[in-house]
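Inside the fold
Each chain, letter by letter, is given below.
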Amino acid sequence: MKSAIEQILSGDATCENIEIPRETNKTSREAVKVYEKLKGMLNEKQKELLEKYLELDTIATKEIEEEYYKHGFKLGLMIGAEVFLG
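The following refers to the structure shown. Per chain, residues are indexed from 1 in the order of the written sequence. Owing to the predicted nature of the model, reporting of local features is limited to residues with pLDDT of at least 70; listing and counting of side-chain atom pairs is limited to 80 or more, with chain, interface and lining totals taken over all residues. With hydrogens and water stripped out, all remaining heavy atoms of the structure feed into the side-chain values.

Glancing now at the packing of helix 2 (residues 22-40) against helix 3 (residues 44-85). One can describe the packing of helix 2 onto helix 3 by two numbers: an axis separation of 10 Å at closest approach and a directional angle of 150 degrees. Considering the relative orientation of helix 2 and helix 3, their crossing is right-handed. For the pair helix 2 and helix 3, the contacting residues are Tyr35, Leu38 and Lys39 in the first and Lys47, Leu50, Glu51 and Leu54 in the second. Tallied by class, residues from the contact of helix 2 with helix 3 come to four nonpolar, no polar and three charged. Axis definition: a line fitted to C-alpha atoms, limited for helices to the stretch in contact. Angles are taken between N-to-C directions and run from 0 to 180 degrees. Per the convention used, a helix needs a DSSP run of H or I reaching at least four residues, while a strand needs a run of E reaching at least two, with both numbered from the N terminus. Here a crossing is taken to be left-handed if its near helix is turned anticlockwise relative to the far helix by less than a right angle, and right-handed if that turn runs clockwise. Contacts are assigned to residue pairs that have any heavy atoms within 4.5 Å of one another. Under the grouping applied here, Gly and all other residues not named as nonpolar or charged are polar, the nonpolar ones being Ala, Val, Leu, Ile, Met, Phe, Trp, Tyr, Cys and Pro and the charged ones Asp, Glu, Lys and Arg.

Here's what the structure looks like:
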């Protein structure tokens with residue numbers, strides 16, 4: 001297996017290598033079914049409002065996940081440094 005540095009340099013360090021757990025796939029499929037059912041019950045104005053809500057929620061979730069990622073990455077580096085330096 002390539003080191004983390006080698007993966008980054010070669011462009012292999014992507015999210016495409018991450019396996020999604022079956023339970024997550026199941027939950028995603030169920031969410032799509034619920035979304036489609038809900039959307040079918042709404043008029044055009046309500047659909048637009050739902051789409052705007054989902055867009056804003058997606059942006060907010062992405063921003064939160066990026067902060068968690070950065071924090072976790074920094075914490076991992078600090079743990080590595082602590083182990084290395086004793």
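Our next topic: a nonpolar patch on the surface. Together, Leu75, Met78, Ile79 and Val83 give the surface a local cluster of nonpolar side chains, amounting to about 410 Å² of exposed area. Its place among the elements puts Ile79 in helix 3. A residue counts toward a patch only above 30% relative accessible area and without a salt bridge, and it is joined to like-charged neighbours within 9 Å or, for Val, Leu, Ile, Met, Phe, Trp and Tyr, to nonpolar neighbours within 5 Å. Surface exposure here means Shrake-Rupley accessible area, sampled with a 1.4 Å probe, where a residue is shielded only by the protein chains that are shown. What makes a salt bridge here is a side-chain nitrogen of Lys or Arg within 4 Å of a carboxyl oxygen of Asp or Glu, nothing more.

Where charged atoms from two side chains of opposite charge approach closely, those side chains can pair. Under the defined criterion, the tally for this structure stands at four salt bridges. Linking Lys39 and Glu51 is a salt bridge whose minimum nitrogen-to-oxygen distance equals 4.0 Å. You can see Lys39 sitting in helix 2 and its partner Glu51 sitting in helix 3, a full twelve residues away along the chain. Two residues, Lys62 and Glu66, come together in a salt bridge whose shortest N-O distance is 2.6 Å. One end of the pair, Lys62, and the other, Glu66, are both in helix 3, four residues apart, so they sit about a helical turn from each other. Residue Glu66 is classed as partly exposed on the basis of its relative accessible area of 37%. Per-residue accessibility, obtained with a 1.4 Å probe over protein chains only, is compared with the maximum for each type, and a residue is labelled buried under 20%, exposed over 50%, and partly exposed between these values.

A few words now on the environment of Leu85. With respect to the helices and strands, Leu85 occurs in helix 3. The exposure class of Leu85 is exposed, given its relative accessible area of 71%.

Time to look at helix 3. Any helix carries an expected span of 1.5 Å times its number of residues minus one. For helix 3, built from 42 residues, the straight-helix expectation of 62 Å at 1.5 Å per residue is met to within 8% by its first-to-last C-alpha distance of 61 Å. Downstream of helix 3 by one or two residues, Gly86 has phi in the positive range, about 85 degrees.

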